[in-house]
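As a plain string of letters, each chain reads:
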2 protein chains.
Amino acid sequence: MNEHASLPLGAFRLTGGFWRDRAESVARDVIPYQWKALNNEVPGVPQSHAVENFRIAAGEAGGSPKGTIFQDSDVAKWIEAAAYSLATKPDPGLEARIDELVRLVEKSQLPDGYVNTYFIAAAGIGKRWSDLVMGHELYCAGHMMEAAVAYFGATGKRRLLDVMRRYADYIGTVFGPAEGQNPGFDGHPEIELALHRLAAATGEKKYAELANHFVDARGKVANFYKGEAAMEGMIPKSRWFRSDYYLADKPVREMDAVEGHSVRAMYLYSAMADQYRMTGDPTLRAALDRLWKNAVKAHLYVTAGIGSQSHGERFTIDYDLPNDSCYTETCASIGLALWAWRMLLIEPRREYADVMERAMYNGILSGISLDGTGYFYVNPLEVGPATAYRQDLSHVATSRVGWFDCACCPTNVARFAASAGARLVTVAAESLWVHHYATGSVGLEFAGKPVTLSMKTGYPWDGAVEIEVEKGDSVGFALRLRVPSWCASWSLSVNGSPVPGTLGADGYAAVSRAWNAGDRARLDLDMSPRFLRANPLVREDAGKVAVMRGPVVYCAEERDNGKNLHLLSVDPRLGAAAVTEGSLPAGTVALEAEAFRDAEGEADGPLYREYDAAVSAERRKLTLIPYYQWGNRAPGEEMLVWLRVRD
Amino acid sequence: MNEHASLPLGAFRLTGGFWRDRAESVARDVIPYQWKALNNEVPGVPQSHAVENFRIAAGEAGGSPKGTIFQDSDVAKWIEAAAYSLATKPDPGLEARIDELVRLVEKSQLPDGYVNTYFIAAAGIGKRWSDLVMGHELYCAGHMMEAAVAYFGATGKRRLLDVMRRYADYIGTVFGPAEGQNPGFDGHPEIELALHRLAAATGEKKYAELANHFVDARGKVANFYKGEAAMEGMIPKSRWFRSDYYLADKPVREMDAVEGHSVRAMYLYSAMADQYRMTGDPTLRAALDRLWKNAVKAHLYVTAGIGSQSHGERFTIDYDLPNDSCYTETCASIGLALWAWRMLLIEPRREYADVMERAMYNGILSGISLDGTGYFYVNPLEVGPATAYRQDLSHVATSRVGWFDCACCPTNVARFAASAGARLVTVAAESLWVHHYATGSVGLEFAGKPVTLSMKTGYPWDGAVEIEVEKGDSVGFALRLRVPSWCASWSLSVNGSPVPGTLGADGYAAVSRAWNAGDRARLDLDMSPRFLRANPLVREDAGKVAVMRGPVVYCAEERDNGKNLHLLSVDPRLGAAAVTEGSLPAGTVALEAEAFRDAEGEADGPLYREYDAAVSAERRKLTLIPYYQWGNRAPGEEMLVWLRVRD
């Protein structure tokens with residue numbers, strides 16, 4: 001197993017283009033802004049207290065920790081994001097800040113290794129491990145372990161890694177299947193992913209084995225360490241906050257369909273994938289395949305948002321995909337991408353990369369503003385006149401906000417964007433697999449021979465990708481380039497000569513040859529705008545289309561198209577054209593489509609009237625912008641992804 | 001003012017047809033069943049305790065009252081329904097039951113006149129009038145006053161009337177604008193309607209003046225008697241349970257648009273109409289006209305359901321009419337009909353009768369099963385695969401239930417149906433105005449001359465209405481027959497000779513002449529099925545049609561059309577035909593339409609695919625049944641009113 005290797009962060013060096021811009025925005029805008037937010041220095045937004053909590057736990061400040069019980073994880077994810085940024089863009093001031101944080105974390109650590117500001121220092125809180133269901137101790141531990149691994153990877157500094165190893169060692173004594181050990185697991189999966197990374201960073205397999213234990217114990221432990229019994233009745237009359245919400249109602253190998261809290265689900269499935277890569281257990285793989293199939297078949301918004309309802313922030317039943325009341329949390333799409341990436345590492349099939357790409361360019365980036373300081377927690381596909389008014393839509397923000405009481409998403413999107421370069425290509429079986437296209441360069445070795453490749457592309461706005469051998473002579477390997485399933489027409493050439501279609505069953509176009517310095521491969525992907533319809537079983541999308549171009553989903557926004565966007569309809573036969581829209585960031589491709597707008601002259605007319613033919617409508621142009629850019633130009637705008645078809 | 005007079009209950013004697021059937025069902029099925037429910041004798045449903053509460057308050061049983069704080073009103077509405085039934089169908093056993101109840105109510109009355117089982121006998125409850133916002137004391141008083149008036153009207157027995165007069169007299173000392181009086185009013189309007197009826201029954205104008213005081217005080221009293229201040233913060237973070245929910249945010253004469261809890265709103269607007277009939281105050285009429293216009297223009301479901309959201313059971317913004325998550329409480333449609341009836345009494349215009357009729361044949365009767373023992377509190381227009389699963393739809397029952405914890409609707413629909421015969425015709429200005437068509441007879445007097453008329457019709461299934469002068473000679477009066485606005489084609493004849501179209505601006509066809517015994521007028525209304533579309537501003541109905549025939553709204557149900565009803569679409573040009581469906585009650589007209597059903601072969605297909613043309617669909621017949629009959633044949637069925645158009 002584990003032949004497919006991801007490259008270390010920074011091995012693929014982003015030198016330009018879309019993801020380089022994002023990484024620079026994270027370094028320039030996001031990390032400094034979030035540092036202020038975590039230090040209560042942003043006026044007018046919910047106060048985080050997260051850094052102060054560590055000062056309190058370290059004994060350097062008075063009071064009691066404030067914020068959510070998992071506030072520590074925001075600090076951890078910020079460190080992780082900052083570490084990724086440091087790995088490619090040194091910043092001594094930032095490093096000093098992190099070192100100071102690390103000092104506080106270490107100082108807050110109890111002699112037995114325990115780290116958690118809330119359970120150490122908050123007034124009136126129960127004993128450690130007394131609330132595995134909602135206490136998030138192992139979850140917070142996991143995020144700080146990921147931060148430690150990232151910071152070690154970026155700087156070689158071991159201090160935080162050592163702190164978190166001590167904590168992991170202690171956790172390994174508390175939890176486990178042995179007599180006298182706590183047989184429980186966290187209500188929110190996360191530590192499993194972290195322990196696998198810790199194992200890789202330290203070479204200590206025991207951490208991965210502890211992760212596997214947590215996965216294996218899930219759903220098997222009777223009453224889930226007291227907590228589960230209480231959990232069943234946690235919220236009176238609730239239909240949701242039961243063990244399925246926590247992915248604890250059955251052993252993972254018996255899971256057939258995605259369920260529960262969508263972020264918890266994504267992290268658990270990611271941990272299962274990590275475990276499969278380690279163990280090769282076919283029963284895990286079978287479960288993963290079932291879960292993946294169900295997720296992709298019936299639970300994925302076109303934006304790669306997941307989680308159809310607010311209550312429980314969770315999955316509902318197959319094909320239930322409301323566009324206005326969905327939850328589609330930014331963190332859930334991040335979790336989906338993390339899962340898809342792990343599935344790619346198991347087996348490079350474009351269906352994994354396609355879903356990951358859908359998340360990368362849509363449902364994840366929609367969660368952060370273009371300037372890095374405004375966020376959506378919920379990413380709806382439709383914001384209408386009633387959104388700001390209806391109680392059942394009260395979870396949907398119609399304007400970006402600066403911070404949240406529960407601020408899991410901002411730091412999560414920061415760490416994701418800052419590490420995107422590490423999830424573009426993999427190496428296996430004398431092949432370079434290019435899953436995602438970006439501008440950068442990478443040094444590799446095949447059969448002992450070094451080679452340096454560069455990739456240049458305007459993706460996702462442009463479908464041309466050029467890969468050049470910069471250094472290296474007669475290195476034999478296969479270049480395997482994903483042809484996205486959305487792409488109906490593509491071509492591949494090497495040194496200007498067309499390479500006949502060699503699309504594998506895996507969805508990758510392969511060119512296997514001896515490569516020499518100066519050799520160039522070029523992939524051209526057709527980027528024509530596409531009109532998509534949903535499976536007829538999706539009630540909410542019946543009679544509607546979504547518009548994509550390349551991997552980017554488009555939406556109509558009020559600023560360009562006026563109020564009452566539901567009055568708009570399109571005829572897919574009339575197509576759409578790529579245009580430049582001056583109010584969007586340079587380089588962005590907007591679309592213009594022929595459309596219709598139902599007459600509004602009936603505003604004072606009767607509520608119901610005889611159907612004659614269609615409602616009278618006027619032809620007009622419709623401007624569509626990338627979905628992930630919505631809510632950046634004017635606050636409180638209407639927005640619509642699925643457009644009615646008028647044909 | 002007040003020229004338009006409704007007739008006393010029983011003056012129009014139902015002798016057959018739709019509403020006679022309903023009245024008989026109330027007498028035979030509903031009243032006995034609800035008596036059992038109120039006495040905790042129906043197994044497997046929420047226990048009411050309502051009758052027992054009066055035994056407790058009367059000192060004849062121990063314990064503390066149970067159920068909602070307004071449980072007394074269920075007993076009151078049951079008495080009212082039973083009284084209406086007795087008025088047309090004597091039943092000594094039933095009368096004895098009511099007399100026993102009246103004895104308990106009287107015995108529970110405190111020396112100062114106060115009646116309320118909760119505030120008298122419940123443990124741990126505050127002092128009387130300490131919670132005008134949610135305590136519902138005046139609300140319960142109002143319902144019992146209505147019961148008293150109805151029982152007095154049906155039997156001439158004064159005992160309950162006297163009890164409630166004493167209570168009203170006491171209330172009149174407590175509440176009022178004078179120094180030292182309580183300037184408050186009830187959080188839930190109702191007593192206002194009752195006081196007007198009490199004034200009419202007793203000839204004591206002071207009761208109506210107290211009603212008017214309650215209306216006038218609303219929204220003017222600073223902080224609404226302590227309660228309002230508390231109310232503003234009642235439910236943390238709630239956007240709804242503020243004074244607008246209680247229709248207490250502004251004086252009634254400043255109200256421009258319907259708002260708040262929809263039942264409260266309907267009862268208030270009804271009280272305003274009663275007050276206008278009494279006072280002729282043009283500022284009240286102007287407010288009523290604004291509210292009516294707004295309600296009809298932008299808040300009325302095609303079924304006459306009102307109240308777009310569950311939270312607050314309330315109105316939202318104009319044109320926000322979701323079909324699956326609506327509240328559309330049975331009581332709200334009843335309130336709408338009561339308001340519309342009062343508007344008709346102010347001025348006979350068919351728009352009032354049309355709305356009332358829409359409620360009568362759709363949104364009200366949908367709340368009660370055909371056998372009288374199963375109820376819907378919420379009347380959705382769409383029940384889909386996810387309805388039983390989604391938390392935000394958890395207020396929507398997919399199967400009829402036998403009783404509710406909060407059981408306001410069952411007894412309300414019983415009293416409404418039992419008194420329907422009293423809201424069909426009015427007499428004014430030497431005219432008989434026939435607002436609603438039903439089979440029965442009525443004795444009248446014009447210019448001192450008696451006349452007996454009979455009406456025969458198969459309405460709402462058949463559009464022919466025959467009115468015959470049974471007794472009376474050369475009585476001069478105008479017969480004014482409503483031509484519903486839904487009716488595109490109609491004809492009127494007298495004694496077989498066509499009467500040329502004489503439709504007034506009021507929407508009534510008038511024949512003014514001397515009538516003699518044996519004269520017959522005949523109205524024929526075109527009952528062709530109609531496809532309706534909603535105003536384009538109704539987002540949820542875009543691209544869809546509803547089907548009506550006469551005043552009856554139709555729906556598709558799973559039993560006839562299979563699961564996943566959203567797969568169905570219709571082409572209005574292909575029309576629909578009246579058919580008999582054996583599983584429905586005899587006489588019911590069902591509809592059959594040419595329709596399409598999207599292929600389900602894609603169940604395992606991709607979630608999103610290129611739009612080619614329309615989804616492949618097969619032609620099939622679609623069976624539509626009257627909306628009010630839904631949920632009577634199989635539990636948990638899908639149901640759909642608004643059908644997609646495929647044209």
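None of these values were measured; they are calculated from a predicted model.

What follows is about the domain arrangement of chain A. Accessible area lost upon the coming together of the parts serves often as the stated size of an interface. All names here are of chain A. Domain boundaries in chain A define domain 1 (5-423), domain 2 (425-525) and domain 3 (530-645). Its C-alpha centre places domain 1 at a distance of 34 Å from the equivalent point of domain 3. Counting from both sides, the interface comprises 28 residues of domain 1 and, opposite them, 28 residues of domain 3. Taking both partners together, domain 1 and domain 3 bury about 2500 Å²; carbon and sulfur atoms supply 61% of that area. Ranking the residues of domain 1 by area buried against domain 3 places V302, Y319 and L370 at the top, with a combined share of 23%. Where domain 1 touches domain 3, the interface holds zero salt bridges. Across the domain 1-domain 3 interface, the total number found is 12 residue pairs in polar contact (both at pLDDT 80 or more). Elements that contribute at least two residues to the side of domain 1 that touches domain 3 include exactly α1 (17-38), α14 (350-363) and β3 (382-383). For the side of domain 1 that touches domain 3, the leading source of residues is α14, giving four residues. When its residues are assigned to classes, the side of domain 1 that touches domain 3 shows 14 nonpolar, nine polar and five charged.

The subject of this paragraph is the relation of the copies chain A and chain B. Note on the copies: chain A fits chain B at an RMSD of 0.0 Å, the axial shift is 0.0 Å, and the rotation between them is 180°. Taken together, the rotation and translation relating the two chain copies correspond to the operation of a two-fold axis. By C-alpha distance to the rotation axis, the residue of chain A lying nearest is D392 of chain A, at 3.3 Å. Taken as a fraction of all interface residues of chain A, those also at the interface in chain B reach 99%, which identifies the copy contact as same-surface.

With 71 residues of chain A at the interface, the matching set in chain B holds 70 residues. For the pair chain A and chain B, the summed buried surface comes to about 6000 Å²; carbon and sulfur atoms form 53% of the total. Between the two partners, chain A and chain B, sit 10 salt bridges. The residue R539 of chain A makes a salt bridge to E382 of chain B at a minimum N-O spacing of 2.3 Å. The interface formed by chain A and chain B includes 23 residue pairs in polar contact (both at pLDDT 80 or more). When residues in the side of chain A that touches chain B are grouped by element, the largest group, five residues, is from strand β14 (residues 530-534) of chain A.

Moving on, we get to the pairing of strand β10 (residues 490-494) of chain A. Regular strands place their side chains on alternate faces of the sheet. All names here are of chain A. Here β10 runs beside strand β13 (residues 520-525); their pairing, made up of five bridges, is antiparallel. Bridge pairing in β13 places S491 opposite D524. Pairing geometry for β10 and strand β11 (residues 497-499), over three bridges, is antiparallel. Paired with V494 across the strands is S497, a residue of β11. Hairpin connection between β10 and β11: a loop of two residues separates the two successive antiparallel strands, and N495 in this loop has a positive phi of roughly 55°.

Moving on, we get to the confidence of the model for chain A. Residue and element names in this part refer to chain A. With 95% of its residues at a pLDDT of 70 or more, chain A shows a mean pLDDT of 93. Counting interchain partners and residues more than four positions distant, the pLDDT-below-50 stretch residues 228-240 has 32 contacts. Scored by ipTM, the complex comes to 0.93, with pTM at 0.94.

Turn by turn, an α-helix covers 3.6 residues, leaving residues three or four places apart pointing in a common direction. All names here are of chain A. An ideal rise of 1.5 Å per residue puts 20 Å on 14 residues; α14 measures up with 19 Å between its terminal C-alpha atoms. The element α14 is largely enclosed, with a buried count of 12 among its 14 residues. Residues Y352, A353, D354, V355, M356, E357, R358, A359, M360, Y361, N362 and G363 constitute the buried set of α14.

This next bit is on the sheet that holds strand β12 (residues 508-515) of chain B. Residue and element names in this part refer to chain B. Taking strand neighbours across the sheet as the criterion, the five strands line up as β1-β4-β5-β9-β12 in an open arrangement whose pairing is mixed. Whereas interior strands pair on both sides, the edge strands pair on one side only; in this sheet they are β1 (5-6) and β12. In terms of strand pairing, strand β4 (residues 425-428) meets strand β5 (residues 431-434) through four bridges, oriented antiparallel. By the bridge assignment, A428 is partnered in β5 with S431.

All names here are of chain A. Strand order across the open sheet formed by seven strands is β2-β6-β7-β8-β13-β10-β11, with antiparallel pairing between neighbours. Of all the strands in the sheet, just β2 (12-16) and β11 have a single pairing partner and so form its edges. Going from strand to strand, the sheet's axes swing by 25° on average, the running direction of each strand aside. The strands touched by α1 are β2 and β6 (439-446); relative to β2, the strand with the most contacts, the crossing angle is about 95°.

Here is what the cut-offs are and how they apply
- Residues numbered from 1 in each chain as written.
- Chains lettered and ligands numbered in written order.
- Predicted model: local features only at pLDDT ≥ 70, side-chain atom pairs only at ≥ 80, totals over all residues.
- Heavy atoms only, no water.
- Domains from an automatic or database assignment.
- Contact = heavy atoms within 4.5 Å.
- Buried area = accessible area lost by both parts, 1.4 Å probe.
- Salt bridge = Lys/Arg side-chain N within 4 Å of Asp/Glu carboxyl O.
- Polar contact = N/O pair within 3.5 Å; in protein donor to acceptor, adjacent residues only side chain to side chain.
- Helix = DSSP H or I, 4+ residues; strand = E, 2+ residues; numbered from the N terminus.
- Nonpolar A, V, L, I, M, F, W, Y, C, P; charged D, E, K, R; others polar.
- Least-squares fit on C-alpha atoms with pLDDT ≥ 70 in both.
- Pairing = 2+ DSSP bridges.
- pLDDT = per-residue confidence, 0-100.
- Expected span 1.5 Å × (residues − 1).
- Buried < 20%, exposed > 50% of the residue type's maximum accessible area, 1.4 Å probe, protein only.
- Axes fitted to C-alpha atoms, helices over the stretch in contact; angles between N-to-C directions.

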